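So the chains spell out like this:
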Amino acid sequence: MDPLITKQIQGVLENSIFNKIIALNLNIPSPILRAIISRVAEVGAVDIVKQVSQASNQQLTDIPKNIIGPVNPVNITNNNNGPVEISNNIDGIIQQQLLLQTTDKIVSKLQSQLRLSLPTDKLGIINFDALAANLIQGITPTVGKTLSTAVSGFADAIFGRGQTPKVTTNSIESLFTSLSSDDALTKADEIFVSSGANSALKEAKQFDINSTTNNEKLEVLERGFTDPNANYPTKEYAGISETNKLAQGDARGTIVQEKNNNRMKGAKLPGGEAWDEPESAFRGAYPYNKVTQTESGHIIEMDDTPGSERIHLYHKSGTYIEIDANGSVIKRTKGSSYEIIDRNGKISIAGRADISVNGACNIFVGNDANIEVEGDVNLTCHNDITAQAGGTLNLSATEEINITSANINMQAFNILNLNSNVALNMHATTDINMLANANVFLSTVDFYQNASSIYSQAGNVYIKTNEGGDGIFVESDNSINLKAKQNINTESLASINTKATTDIKLQAGGVISNKAAGNFNADGSAVHLNSGNSVAAAPATASVNSKPATIAGISNIGLLSGRKDISDNNKDDPLVLSLADSRSIALEEETQTPEDASNQKNLIISEGFANATDLSATPSAVDSATVKSEQQDFVEPDKKLKTVTQLPGSYNLSPNFTVEMLSNKAAVTRDSIQGHAGATYGEIVFNLQAIALNVLEPIKKIYPNMFVTSAFRNPGNASNAKTSQHSLGQGVDIQFKGITKKEYYEIATKLAKVIKYDQMILEYCSYAKNPWIHVSFAVKNRSQVLTFNNHKTFSQGLSQLA
């Protein structure tokens, strides 16, 4: 499973558990708590992913019995249970099976880690039974969400691009007991590709070209029906009214069901909230809904059904815009969305706006940016926040500004000013360090110091009080020691009083001199010199009690569980066919004569798609693989086709491919089939059926988004090589809707193992955005795998080009 899913689950668990414990006020130091929770959440996330993978795989076998009956969930064509419904069903079952069990395991693990990591004095103040009950109640919803996240990740891996489940064999379950989730899903994908190809070949063998449907199309040529290609009426409308189903008000099997089944759900918002895409507003009724539906599947609806008036524009890719009866607009873009405004743009939303972005969000403003909020602003970032100003950065609050962090660093390149109109409080549970490379000045009316120890270290220490004050007071509950390596001088313009409750001792290594301008008095119980006139020393005045510093309040916004691991969710844009793509595909793969090579080069340059330098550039390879076909099965085409001289365009050569899809209605080259010196009309059709049954059907089974860009090509066109396999009906070029450039290499690597072919070529062009895959099929297949760049061989085997 995608490691990003595991990291997301870990982050959600960390955040929720941390906040729940903080709310209990257990007085556990945050760094210790954060480390414990991080370990528990990491183990829990891995365990959840593993359990969900195993249980979900089991459900893929059980679901048919529960909600579909005898129909396997792989076959989603004949019922309304698509990937979304099956995923939702799995989620419900997983919640019942694992929710309480997983919650209990996480809480139990957390309690165990707390007991091991906390100091003994902390253990006595924690009621672990109450803690367990509170945590189970508090984090159960979070565990439920993480289980749903894991199911969603599993479904993405299994169902691929919302098509059919990849798990098609009963042996998949055993993979998750012997392999990690990632390895098991990789192996499951390999099994899916192989079994999908084999299944398609099995179905191709059962295909009857002489089916009733094909015979009816042949009759069209004989009775001169107005549609020579026998496309109309379509099979869906055969024997019933040809009025569009949506116009009739019948939503069964239409895009209405498809849109509802594939609604976007769970777009994330702050605080654990989310929002879902609304269901389709379709309530059409005849004769109010005017519907235009094209051959490829584009639909326009102008619906006047009373009470359900709508306008709906739908693109076959799944992109749509729908305006409902209330005037609400739903827009869904399957690709990327671009809006370019050459003048001013204004947006007004009278209600609430919710924006959910899974990848990075970049905003550039070429002038001032002004944001005004009448309510509160809450900004939560799980990693770093950086704010820079080329000028001044101003922070202002009418009430309070609270800052809380493990470390707070403030640096000024010039002056740092702190000013308070009332009190300025500084408090530290350990040291307060102040360092100045010059002087430290302290100016105050009263100065109080209260500490177990006071250390002053400087070149000179000066203490001076202003006139009018009461003086300097020094008081200690223990000793006061004065020590100097040179003289200690004491001077007073008034009296100097020294008093001790026991002895006063004076000792000198030299002479002790006492000198008085007036009387010298000494008085004691025994004095060698006693005048009887000594005066008792005045008692020292006690210092005024200093005021303790007020502890600064912590910020009131709470603490997050810690840093989150993130992954870049940027998705490369799949690009539609451009003119350059069409030109590159229309040219032959690798010319085999100097004349053909010159023709191709001149066409590219003369049409302005590239210059000579572009065509000679050599790209770098990001990855490479040597792959060989392992497919031994072969589907024999119908030999009767060799004798035909004309077929309607809608005539099926295989279950999913008609004559016109492989000739005049391919996406790029659109040449009608005609015999030439190398082959008859019937021989070309025979070859096209061989490649449809053995190549295209397996690929379509595995990748339903595959489409044919080129098949038969008229050898008389200037861009076609005279020896092209296309002109014999033996070659096809394919691309994939919604696929990015880098994904073509992965697809080619998988397909090269499971289908039979003469050549498989992964083709790149320096002047085109999209690669494509060329596959040829012949009587004697060489199983050759190549990579081309600019219509020339780049490497033997497959290479992923940058």
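Residues numbered from 1 in each chain as written. Predicted model: local features only at pLDDT ≥ 70, side-chain atom pairs only at ≥ 80, totals over all residues. Heavy atoms only, no water.

Some remarks on the sheet that holds strand S6 (residues 320-323)
At step 1: Taken in spatial order, the 5 strands line up as S3-S4-S5-S6-S7 in an open sheet, and their pairing is antiparallel. Since the sheet does not close on itself, it has two edges, and those belong to strand S3 (289-293) and strand S7 (329-332), each with one partner. Adjacent strand axes in the sheet meet at a mean angle of 5° when their direction is disregarded.
At step 2: Bridge count for strand S5 (residues 310-314) against S6 is 4 bridges, and the pairing is antiparallel. The residue of S6 that forms the bridge with Ile311 is Ile323. (Pairing = 2+ DSSP bridges. Helix = DSSP H or I, 4+ residues; strand = E, 2+ residues; numbered from the N terminus. Axes fitted to C-alpha atoms, helices over the stretch in contact; angles between N-to-C directions.)

Brief notes about empty space enclosed by the protein
At step 1: In total, this model carries 2 cavities of 30 Å³ or more according to the counting rule given.
At step 2: Of the voids in this model, the largest cavity is the one considered here, and its volume is about 40 Å³.
At step 3: Along its surface, the largest cavity is lined by Lys259, Asn260, Arg263, Glu277, Pro278, Glu279, Ser280, Tyr320, Glu322 and Ile330.
At step 4: Counting residues per element, the ones that place at least two in the lining of the largest cavity are helix H10 (255-261) and S6.
At step 5: When the residues that make up the lining of the largest cavity are grouped by side-chain class, the tally is 3 nonpolar, 2 polar and 5 charged. (1 Å grid on protein atoms, 1.4 Å probe; cavity = no way out; pocket = protein on both sides within 12 Å on 5 of 7 lines; lining within 4 Å. Points joined across faces, edges and corners; volume = space filled by probe spheres on them. Nonpolar A, V, L, I, M, F, W, Y, C, P; charged D, E, K, R; others polar.)

Considering helix H11 (residues 579-586)
At step 1: Most of H11 sits out of view: 6 of its 8 residues are buried.
At step 2: Along H11, the residues that are buried comprise Ala580, Asp581, Arg583, Ser584, Ile585 and Ala586. (Buried < 20%, exposed > 50% of the residue type's maximum accessible area, 1.4 Å probe, protein only.)

Focus on helix H14 (residues 681-702)
At step 1: Taking 1.5 Å per residue as the helical rise, H14 with its 22 residues ought to reach 32 Å, and the 31 Å between its terminal C-alpha atoms agrees with that figure.
At step 2: Burial analysis of H14 places 19 of its 22 residues in the buried class, the great majority of the element. (Expected span 1.5 Å × (residues − 1).)

Thoughts on the pairing of strand S13 (residues 784-789)
At step 1: Counted residue by residue, S13 has 5 buried out of 6 residues, so it is predominantly covered.
At step 2: For strand S11 (residues 759-764) and S13, the ladder comprises 6 bridges, and the chain directions are parallel. Bridging across to S13, Leu762 finds its partner in Thr787.
At step 3: Bridge analysis of S13 against strand S14 (residues 792-796) gives 4 bridges, and the strand direction is antiparallel. Bridge pairing in S14 links Phe788 to Thr793.

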